[in-house]
Structure formats: C-alpha cells, structure tokens
Amino acid sequence: LSLAKSDAPDPVQPGGTVTYVLTYTNSGSVPATGVVVSEAYDANVTFQSATPAPDAGFTDQWSIGTIAAGASGAITITATVAAGLADGVLLGNSADLSDDASNFAEAAATTTVQNVASLSISKTDGPDPVSSGAALTYTIN
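Because the structure is predicted, anything quoted here is derived from the model rather than measured.

About the criteria used
- Residues numbered from 1 in each chain as written.
- Predicted model: local features only at pLDDT ≥ 70, side-chain atom pairs only at ≥ 80, totals over all residues.
- Heavy atoms only, no water.
- Helix = DSSP H or I, 4+ residues; strand = E, 2+ residues; numbered from the N terminus.
- Buried < 20%, exposed > 50% of the residue type's maximum accessible area, 1.4 Å probe, protein only.
- Lys, Arg positive; Asp, Glu negative; His and termini not counted.
- Salt bridge = Lys/Arg side-chain N within 4 Å of Asp/Glu carboxyl O.
- Polar contact = N/O pair within 3.5 Å; in protein donor to acceptor, adjacent residues only side chain to side chain.
- Contact = heavy atoms within 4.5 Å.
- Phe/Tyr/Trp six-rings, centres within 6.5 Å; stacked < 30°, edge-to-face > 60°.
- Lys NZ or Arg CZ within 6 Å of the ring centre and 35° of its normal.
- Pairing = 2+ DSSP bridges.
- Axes fitted to C-alpha atoms, helices over the stretch in contact; angles between N-to-C directions.
- Core = buried A, V, L, I, M, F, W, Y, C linked by side-chain atoms within 4.5 Å.
- Patch = residues over 30% accessible without salt bridge, like charges linked within 9 Å, V, L, I, M, F, W, Y side chains within 5 Å.
- Areas by Shrake-Rupley, 256 points an atom, 1.4 Å probe, with all protein chains shown as cover.

**Points about the side chain of Asp 7**
- If you trace the backbone, Asp 7 turns up in strand β1 (residues 2–8).
- Summary of buried charges: Asp 7 has no salt-bridge partner, and the nearest side chain of opposite charge, Lys 5, is 9.0 Å away.
- A distance of 2.6 Å separates polar atoms of two side chains, one belonging to Asp 7 and the other to Thr 111.
- Residues in contact with Asp 7, not counting those within four places in the same chain, are Val 18, Thr 19, Tyr 20, Ala 109, Thr 110 and Thr 111.

In structure tokens form, the structure reads like this:
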C-alpha cells in the first residue's frame, strides 16, 4: 500500500481555504482488506468537507474497505485556515493508511501561510495643466 498527499494553494492566506488530496494505491498482487485512512489536521486548520465523505461522526477517518490489487483511489479534503496567522507559519498535516494485514503507509504535507500585502500607491499633481514657471504640487498617497 502507498499513500501520497498534496496541498493547494501553497502558500495559503490566513482565513483562506486549503485543499488536501490523499491518493492511495495497492500496488501489490492481492486485495488489501479493511483499509482505513486517517487524517491528522494542524491545530490552525478546520475541516470543512471531503469527497468522499468521512465515516459518520468523523472528520478525519475513511473506511475504504477493500482495495483490489493494482487499484487506487483518492480523497479530497477542503479545510479553512485560521485567520490572523503570521507570515511563515507552517501548517503540518499528515495522514496514514492501514489494512487488516498490518500494512501501513504515511504521507504528509506542509503548507506555508503567507499574508497578501494590501499596499497601494497613487500620485496626483496640480494644477493640471500648469503654466510655464508656475508651482506644481505632487501628492503621493
């Protein structure tokens, strides 16, 4: 069994949405039975939804059941990043996959928080038009 994980967007803005995709594969020659995927969210991330939906009463567990030899599947998770985080905060997120035969796989993603600058600049002049030799004033905001 193998498990891969991706995150997007990276970097993510505070208060924004991050999407994790977990891709699991049985590259063995026999079916894997009793397969369960578990997700561990960073404390600054809140689960919103997933496709397929997690097990009833959970936001972090999927009972996959049997994965045929050579088969694969994916889980897409949408989460919200906490507001007010500083630039450079790293959101650690991990998942694991296990089956009845004690096979195990792990995957992790680290997402960087980055605030978007909200700076702007403008410049005006006056009077416009200006006469030759007259004073001209520029205002920069």
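Back to the text.
**A few points about the packing of aromatic side chains**
- In this structure the tally under the stated criterion is one aromatic pair.
- Relative to Phe 47, the ring of Tyr 41 has its centre 6.1 Å away and its plane inclined at 50°; by these criteria the two rings are tilted.
- Here Tyr 41 falls in the partly exposed class, since its relative accessible area comes to 21%.
- One residue, Lys 123, lies across the ring of Tyr 138, its end atom 4.5 Å from the ring centre.

**Quick word on the sheet that holds strand β7 (residues 90–98)**
- A sheet is described by the order of its strands in space; here four strands give the open sequence β5-β3-β7-β8, paired in antiparallel fashion. The sheet is open, and its two edges are formed by β5 (61–67) and β8 (104–112), each paired on a single side. For this sheet, the mean angle separating the axes of adjacent strands, direction not counted, is 15°.
- Here strand β3 (residues 32–40) pairs with β5 via five bridges, running antiparallel. Across the sheet, residue Val 35 finds its bridge partner in β5, namely Gly 65.

**Topic: the sheet that holds strand β4 (residues 45–51)**
- Read from one edge to the other, the open sheet built from four strands follows the order β1-β2-β6-β4, with strand pairing classed as antiparallel. Lying at the two open borders of the sheet, with one neighbouring strand each, are β1 and β4. Adjacent strand axes in the sheet meet at a mean angle of 25°, parallel and antiparallel pairs treated alike.

**Looking at the environment of Thr 25**
- If you trace the backbone, Thr 25 turns up in strand β2 (residues 17–25).
- The spacing of Thr 25 and Ala 79 is 54 residues in sequence and 24 Å in space, taken between C-alpha atoms.

**As for the nonpolar core**
- Core analysis: the largest hydrophobic core is formed by 25 residues, its most contacted members being Leu 3 and Ile 77.
- Elements that contribute at least two residues to this core include exactly β2, β3, β4, β5, β6 (72–81), β7 and β8.
- Setting aside residues up to four positions removed in sequence, Ile 77 forms contacts with Val 18, Thr 19, Tyr 20, Leu 22, Glu 39, Tyr 41, Phe 47, Ser 49, Ala 50 and Trp 62.

**Concerning a nonpolar patch on the surface**
- Among the surface-exposed residues, Val 130, Leu 136 and Tyr 138 lie close enough to one another that they form a single nonpolar patch of about 260 Å² accessible area.
- Within the element layout of this structure, Val 130 appears in the loop between β9 (123–126) and β10 (137–140).

**Side note on the pairing of β3**
- Across five bridges, β3 lies against β7 in antiparallel orientation. Residue pairing for β7: Ala 40 is matched across the bridge by Ser 94.

**Topic: the environment of Leu 85**
- Following the sequence through the fold, Leu 85 ends up in the loop between β6 and β7.
- In this structure Leu 85 comes out as buried when scored by relative accessible area, which is 13%.
- Between the C-alpha atoms of Leu 85 and Ile 67, which are 18 residues apart in sequence, the distance is 39 Å.
- Beyond its immediate sequence surroundings of up to four residues, Leu 85 is in contact with Pro 14, Asn 44, Leu 91, Val 113 and Asn 115.

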